[in-house]
Each structure stands twice: as structure tokens, then as C-alpha cells.
Amino acid sequence: MRFASRASRVAASATLEVMRTAAALRASGVDVLDLGPGEPDFPTPEFVKEAAVRAIGANFTRYTDAVGTLELRSAIAERYRREWKAPWGPGDVVVTNGGKQALHTAILALFEEGDDVLIPVPYWVSFPEMVTLSGARPVFAPTSQANGFRLTAADVEAAATPATRGILVNSPTNPSGAVIEPAEIEKIVRLCAARGWMFLFDECYDRFVFEGTHLSAAALAAEFPETVVLAGTFSKTYAMTGWRVGYACAARPVAEMIGRLVGHATSNVCSVTQAAALEALRRPDESAKAIETMLAEYRRRRAFLIPALNELPGFRCTPPGGTFYAFPDVSAWYGKTVGGVAVTDSNSFAKALLDGAAVAVTPGAAFGEDRCVRISFATSLERLEEALKRLRGLLA
Ligand code: PLP
């Protein structure tokens, strides 16, 4: 087969790969403890599901405006106005198939051949591939492990090239759990504005913060309207990964261009999903309760998991400030043999854990940081305890 070079340059998603391998093992009868997933292990709140059922009953099942219903875009804009004094109105919001489509489409709208786009390392797997698909070149900005992989303005300055046109920043950060210091976010946005770069901010984990303070780039959008593009999602906040709903917020010309592309690519997000998302925003008290329930459980698991990981031989884990991921450095194992597998990097280490203990973790190489593996704690405390027991057995 002949494929377009655009497609051939893109790698398969490594995190989906782990889910698939673990699923195949499970199908063959093995009790795999899957610490790979990047999605909440909670059900969507009842009141959100009920809104979807009502929408179907009311035959709210047709095309909507390609950029989302006015009601939903208004509710999203209103949330950011209320929480962060953002200047956006419904015309500055595009409802998308998850935060993923918001980012992908914003990148397609803004970057092209000849442009460099900065990506802090470790990064979410899709960032470099999305940039590559646009024709632009991903340029990596390493962050300091000693600083908990928290991006600083100095990291950004150090990576800048003459062709830089923008940066993709994610905080709280997948995979490291780093929550970037508010002062640094502000400095980076100022730097971008001064250089004429776009600041694309992915805050898909904004509600999952354990330590430190999350600053939304929305707070800087009034001062730097032409610089800030924000991507958010209902996936993690409301445990709605399968519903596929997120959004982009940006200055009107940017939002309109994103909307134009969405209109030709997918059109609107499922109408029923939009009705459910609207309900989540219209009932902030119930939503806050549902989010707090999840956050409290993640906090409980984190309190168990991080010390337990640090007690494993050859593991070093900085407590994540946010998200539901731990990102331990396991490089002390490289050059050794684990359960018969020669470990040389994060891929072989992950394979050794899967083969030797039926514990699935995601190799850090997928995120550009080969010293580490990502361990999701979006799984029950009982399963985490069992996983740690198996790891202790394997690594003893
Ligand atoms: N951004 C980050 C950092 C993520 O981890 C994810 C999902 O894992 C997304 C964006 C996109 O999620 P969704 O498309 O479900 O909103």
C-alpha cells in the first residue's frame, strides 16, 4: 500500500497499544492488573446520564450547529468568565469530540510546514504526532526531573528556535502529574505574546489537583487574547470519556477557523452527548459533589501508592501534584534482568512487569522520558494493593 507521507510520519498511540496488549492477555484468561488506563474508573454521574435519556426521549437527535449548541457554548463560556474572568462568549467556543479534537484542530488551524512548535518533555503522547500531522516540526523542551518535571519559562526560552510559532502546554501534566507554577504559566504566556507565538493550553485534568495551585490560561486570555487558546474536556472531570465531548476557547478569529475545520471534518458532537454535558454545567452543585467524590478517592489511592512505589527496589517517585498518574523513575533497573527479561529501557521494563507479574504500566518512552514508567491510579485501591504485592514479589 502507498500511504501519504503525512500519515506515514505518525506513530501509533503507545498508550492505546498497552491497553490492547493487556486486553489480549486478559482475553486469554490472565488476571491482568491494568495500570495503563488514562480514564476515570467511575461511572458518569446519574443526573448527567438522565439528561441524555431525556434528550433522546425528546428527539433531540438531529444535527446541531457544527460548533455545538448555543446553550452548551454559552455555558462553557460562562464557566470560564465566572471562574477565571475570561473574555470569551459563545462565539469564541467550539464544542469538539473530546479535548483531543480541540487540540488537533487548533494545531491544524495554526501551524504548518516551516513552523516549529515547542513541546515540553515529558509530553502527552499525541502532542508530537498532532504537530507532525499539521506539517510543522515538534521541538522538544526538556523539563527538570529535579523540579518534578514542572515546566518553567527558562525551559521554554532554552528550547526556542527562530522558527518557533507556538507551544503546547498541559497542566496538570499527563504523564508526570506536574502542576506548573502559576507564576511560570504567566511568564510563559507573556513570553509567547512578546514573541508572537501561540500558547495552546490543555487543562484536561484541571479538577484533579492534590498539591499546588492550578492556574488556567483562561485567566490570561483577557490580557493576551490573541495568544491564548484553551482546550478542555468533560472526559475526566465528569467521567465521560466515551461520550466524546470537549471544547476549544480562543479569540473569535481562531475559534471561527477551528469551527470551520470541524464543520468539514466531523460536524457537531453527538447531540445527546451535548445535552448531557450541558446538564453537568447547569448543575454545578451536583457536579462539584461528583468531582469531590472522585478526587477524594484519587487522593486516598495516591496516599497509598506513592510511598509504596518508593519502597520498591529501584523505584523513585515524586508525588504527583495532580492528574491520576504516578511517574516513577525506574532506570536503576536498566542493565539488569527482571523475571528472565533483560531490561534496557522503559519498554523492556514494562514488558518484564507484564510477563512476570501481569501488571500493565505504560513505558515512559511513549512520553519522551525513557527513565520512567506511568502508573495510573484510576483503578481501585484493592487492585492497586494487589499490583504492588505482585511487583514486590517480582522485584524482590
Ligand atoms: N490531553 C491530555 C493531556 C490527555 O491525557 C487526554 C486524554 O487522555 C486528552 C487531552 C484528551 O482527552 P479527551 O479527548 O477524552 O477529552
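Anything mentioned here points back to the structure above.
Notes on the structure follow.

Criteria and thresholds
- Residues numbered from 1 in each chain as written.
- Predicted model: local features only at pLDDT ≥ 70, side-chain atom pairs only at ≥ 80, totals over all residues.
- Heavy atoms only, no water.
- Helix = DSSP H or I, 4+ residues; strand = E, 2+ residues; numbered from the N terminus.
- Rg over C-alpha atoms; globule rule 2.2 N^0.38 Å.
- Buried < 20%, exposed > 50% of the residue type's maximum accessible area, 1.4 Å probe, protein only.
- Contact = heavy atoms within 4.5 Å.
- Near = heavy atom within 4 Å.
- Polar contact = N/O pair within 3.5 Å; in protein donor to acceptor, adjacent residues only side chain to side chain.
- Areas by Shrake-Rupley, 256 points an atom, 1.4 Å probe, with all protein chains shown as cover.
- Nonpolar A, V, L, I, M, F, W, Y, C, P; charged D, E, K, R; others polar.
- Salt bridge = Lys/Arg side-chain N within 4 Å of Asp/Glu carboxyl O.
- Pairing = 2+ DSSP bridges.
- Right-handed = clockwise from strand over helix to strand, strands pointing away.
- Axes fitted to C-alpha atoms, helices over the stretch in contact; angles between N-to-C directions.
- Parallel < 35°, antiparallel > 145°, perpendicular 65-115°, else oblique.

**Describing the overall build of the protein chain**
When helices and strands are counted, the protein chain shows 13 helices and 14 strands. By the compact-globule yardstick of 21 Å for 396 residues, the protein chain fits well, its C-alpha radius of gyration being 21 Å. By residue count, 56% of the 396 residues in the protein chain fall in the buried class. Relative to all contacts within the protein chain whose residues are 6 or more apart in sequence, the contacts with residues 24 or more apart total 73%.

**As for the site of the ligand**
Taken together, the neighbourhood of the ligand is formed by 13 residues, with Gly99, Asp202, Thr233, Ser235 and Lys236 sitting nearest. In this structure, an oxygen atom belonging to the ligand sits 2.7 Å away from a side-chain N or O atom of Tyr205. Between Arg244 and the ligand, the recorded distance is 2.8 Å, taken from a side-chain N or O atom to an oxygen atom. In isolation the ligand has 400 Å² of accessible area, and contact with the protein removes 92% of it. It is helix α5 (residues 98-110) that provides the largest number of residues to the shell around the ligand, a total of 3 residues. The class makeup of the residues in the shell around the ligand is 3 nonpolar, 6 polar and 4 charged.

**Remarks on unusual backbone geometry**
Cis rather than trans, the peptide bond between Val121 and Pro122 has omega equal to 0°. For Pro122, the location among the structural elements is in the loop between β3 (116-121) and α6 (126-134). Along the chain, Asn174 connects to Pro175 via a cis peptide bond; the corresponding omega equals 15°. One can find Pro175 in the loop between β5 (164-170) and α8 (182-195). Phi at Phe149 takes a positive value of approximately 60°, unusual for a residue other than glycine. With respect to the helices and strands, the residue Phe149 is situated in the loop between β4 (137-142) and α7 (153-159). Here Arg244, not a glycine, exhibits a phi torsion of approximately 65°, which is positive. The topology assignment puts Arg244 in the loop between β7 (228-233) and β8 (246-250).

**Remarks on the pattern of salt bridges**
Under the defined criterion, the tally for this structure stands at 30 salt bridges. Salt-bridge contacts for Asp115 lead to Arg165; the nearest nitrogen and oxygen are separated by 3.7 Å. You can see Asp115 sitting in the loop between α5 and β3 and its partner Arg165 sitting in strand β5, a full 50 residues away along the chain. Judged by relative accessible area, Asp115 falls into the buried class, the value being 11%. The partly exposed category is assigned to Arg165, whose relative accessible area is 37%. Put simply, Arg190 and Glu223 hold a salt bridge, and the shortest N to O gap is 3.2 Å. In this pair, Arg190 is assigned in helix α8 and Glu223 in the loop between β6 (198-202) and β7, connecting sequence segments 33 residues apart. Relative accessible area serves as the criterion here: at 37%, Arg190 is assigned to the partly exposed category. Classification of Glu223 by relative accessible area gives partly exposed; the value is 48%. Through salt bridges with shared partners, one network takes in Asp31, Arg383, Glu386, Lys389 and Arg390.

**Regarding the pairing of β6**
The buried fraction of β6 is high, at 5 of 5 residues. In the sheet, β5 pairs with β6 via 5 bridges, with the strands oriented parallel. In the sheet register, Asn170 faces β6, and the bridge partner there is Asp202. In this region the chain leaves β5, passes through α8 and returns to the parallel neighbour β6; the handedness of that crossover is right-handed.

**Points about the packing of helix α11 (residues 284-311) against helix α13 (residues 381-395)**
For the pair α11 and α13, the least separation of the axes is 10 Å and the interaxial angle reads 10°. Comparing their axes, α13 and α11 come out roughly parallel. Across from Glu297, Arg300, Arg301, Phe304, Leu305, Ala308 and Leu309 in α11, the residues of α13 making contact are Leu381, Leu384, Glu385 and Leu388. Classifying every residue of the contact of α11 with α13 gives 7 nonpolar, no polar and 4 charged.

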